[in-house]
Amino acid sequence: MHRLFKREPIYYGWYIALALAITETVSFGVIFYAFSVFITPMEAELGWSRAEISGGFSLMWLITGIFAFPVGYWLDKHGSRLLMTLGSIGATVMVLLWSRVTTLPEFILVMGLLGFCGAAVLYEPAFIVIANWFVNKRGRAMAFLTFIAGFASTIFVPLADALLVAHGWRGAVFILGVLLGVITIPLHALVLRSRPTDLGLQPDGEARPAEQGERESIKLDAVFRSRFFWILTLAFALSALCIAALRVHFVPLLISMDIHPSSAAIASGAIGVMQVTGRVIFAAVEWRFSSKTMAIGVFILLALSLVTLLLGSSPLLIILFIALFGMAVGANTLIRPLIVADTYGAAFYGRISSAMVFFLTLAGTSAPFAAGVIYDLFNSYSPMLIVVTGFSLVSILLIALLPARSEINAPASH
């Protein structure tokens, strides 16, 4: 009877996945999603142009990308606990300083330093941790993490708007900085561990080593010379550009369509709900299709969402955009790290994925600034929508050139 009701202990990797799900929700909510709420009030108070404000945001993401590779190298060699804890401390300090900036150089400096901290706390280091703790259950663990973190915009865009109304943009940013520190610092410091072997465990919590197919002998120079790596990188870089341009400017874009700022914030937050929906659907059907087919489907969703905004600004079209765009962004977050981890294994995942992220970030960070410049030139977001729609169509073509799943799961070739 005792053995009948005996419960197996929960694998520690799932505690780590839960902790990261919480910290990623808060980190993305404060550092990324809340920013769009503050563009208009910062512009009104400080007199800076939209291009200057969004340029600071772009610089932050550029620096995050620049430091992606050294962060990946550190995590491959030394683990996550110290770096992600220090990153959370630094990010908290930078957000608090953001609430006090009075000049453009101060703002640019704070955003740059926040980007350095972001490289140590956002999705990429979290995925590296998951890749080390899970093999056969890696997709499930990443889906779990991103399922929860998908609510970041749903929670923090309306929260940022409510704080803005109650306390002004400076008070709102300060309160968000406090929340960032209180939640993320202790979780990173107390829960994270580098690898399951540190606790005498095996990946996935199996009694024996999981999946002997992990490619410990992968050569980095062969990976970076492979056609697969560069086509995949370019395709996802274009999608990152499209997503960043729309995500950062979505609230001011809706305001330009004569939609009330609070309603625009709610609409932006609703994208997060659809991101979660996209990840649930992705996790349910991913095993039925090849990675190539899944990626093509994700990019088609993204292109269709952009086309809806070109068709007009009726409530129905905006709702359709939110649904399609949210699902595309949610699934997009999962498909890239899964392809990388399944192809190359965990041993060099940090360096391979971070090298790819460097180029994705170069594309993604240019987008908010470029979108701001285009708006300032034309006093309209329509030209920007035409450009990103074109890029999304090119990304579909590129992903169609990827090898089939059987080739993806083979070691990288010269």
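Before going into details, it helps to say that this report is about the structure given with it. Note that the structure is predicted; figures quoted are calculated from it, not measured. For every chain, the first residue of the written sequence is number 1, and numbering continues from 1 along that sequence. Local features in this predicted model are restricted to residues of pLDDT 70 or higher, and side-chain atom pairs are both shown and tallied only at a pLDDT of 80 or more, whereas totals for entire chains, interfaces and linings draw on every residue. By convention in this description, side-chain values take in all heavy atoms of the structure and omit both hydrogens and water.

**Focus: the overall build of the protein chain**
- What the protein chain contains, in helices and strands, is 17 helices and 0 strands.
- Whereas a compact globule of 414 residues would reach a radius of gyration of roughly 22 Å, the protein chain reaches 21 Å, a difference of no more than 12%.
- Counting only C-alpha atoms, the protein chain reaches 65 × 45 × 45 Å along its principal axes.
- With a 1.4 Å probe rolled over the protein chains alone, any residue whose accessible area is under 20% of its type maximum counts as buried; one over 50% counts as exposed, and the rest are partly exposed. Counting over 414 residues, the protein chain shows a buried share of 57%.
- Restricting to contacts in the protein chain with at least 6 residues of sequence separation, those with at least 24 account for 84%.
- Accessible surface, the protein chain as shown: approximately 16700 Å² in total, 70% of it carbon and sulfur. By the criteria applied, helices consist of DSSP H or I runs no shorter than four residues and strands consist of E runs no shorter than two, each listed in order from the N terminus. In this description the radius of gyration comes from C-alpha coordinates, and the expected globular size is given by 2.2 Å times residues to the power 0.38. Note on contacts: a residue pair qualifies if any of its non-hydrogen atoms lie within 4.5 Å across the two residues. Values of accessible area rely on a 1.4 Å probe in the Shrake-Rupley scheme; residue burial ignores everything except the protein chains shown.

**What about the packing of aromatic side chains?**
- Each Phe, Tyr or Trp ring, with Trp reduced to its six-membered ring, pairs with another whose centre is within 6.5 Å; inter-plane angles below 30 degrees give stacked pairs, above 60 give edge-to-face pairs, and intermediate values give tilted ones. Counted under the stated rule, the structure contains 26 aromatic pairs.
- Consider the rings of F32 and Y33, whose centres lie 4.9 Å apart with planes at 85°: the pair is edge-to-face. Accessibility classification places F32 together with Y33 in one group, the buried group.
- Between F236 and F299, the ring centres sit 5.2 Å apart and the planes meet at 65°, which makes this aromatic pair edge-to-face. Pair noted here: F236 is in helix 11 (residues 227–256) and F299 is in helix 13 (residues 291–311), with a separation of 63 residues, a long-range link.
- A relative accessible area of 2% means that F236 is categorised as buried.
- Given a relative accessible area of 1%, F299 falls into the buried group.
- In this structure an aromatic cluster arises from ring pairing among F28, F32, Y33, F35, F38, F57, W98, Y123 and F127.

**Focus on the nonpolar core**
- By nonpolar core is meant a set of buried Ala, Val, Leu, Ile, Met, Phe, Trp, Tyr and Cys residues that side-chain atoms within 4.5 Å join together. Formed by 139 residues in total, the largest nonpolar core has its most connected members in F38, W98, L246 and M384.
- Ranked by the residues each element gives to this core, the list is headed by helix 11, at 19 residues.
- Contact partners of W98, with chain neighbours within four places excluded, come to V30, F35, F38, M42, F107, V110, M111, W169 and V173.

**A short note on the pattern of salt bridges**
- Criterion for a salt bridge: a side-chain nitrogen of Lys or Arg within 4 Å of a carboxyl oxygen of Asp or Glu. The tally for this structure, following the rule as stated, stands at 3 salt bridges.
- With its nearest N and O atoms 2.9 Å apart, the salt bridge here joins R50 to E43.
- Given a relative accessible area of 8%, R50 falls into the buried group.
- Since its relative accessible area comes to 23%, E43 is described here as partly exposed.
- Between E124 and R336 there is a salt bridge, with its nearest N and O atoms 2.7 Å apart. Residue E124 is found in helix 7 (residues 123–133), and its partner R336 is found in helix 14 (residues 315–344); the two are separated by 212 residues along the sequence.

**Here's the deal with the packing of helix 3 (residues 50–66) against helix 4 (residues 68–78)**
- Fitting a line to C-alpha atoms yields each axis, with helices limited to the stretch in contact; the angle taken between N-to-C directions then spans 0 to 180 degrees. Running from N to C, helix 3 and helix 4 cross one another at 40°; their axes reach a closest spacing of 4 Å. In terms of axis orientation, helix 3 runs oblique to helix 4. The residues of helix 4 that touch helix 3, namely those facing T64, G65 and I66, are A68, F69 and P70.
- In this classification, the charged set is Asp, Glu, Lys and Arg, the nonpolar set is Ala, Val, Leu, Ile, Met, Phe, Trp, Tyr, Cys and Pro, and all remaining amino acids, among them Gly, are polar. For the contact of helix 3 with helix 4, a count of residues per class yields 4 nonpolar, 2 polar and no charged. Small angles under 35 degrees read as roughly parallel and large ones over 145 as roughly antiparallel, with 65 to 115 read as roughly perpendicular and the rest as oblique.

**A short note on the environment of G79**
- Considering the arrangement of structural elements, one finds G79 in the loop between helix 4 and helix 5 (81–98).
- Classification of G79 by relative accessible area gives buried; the value is 4%.
- For the pair G79 and A237, spaced 158 residues apart in sequence, the C-alpha separation works out to 27 Å.

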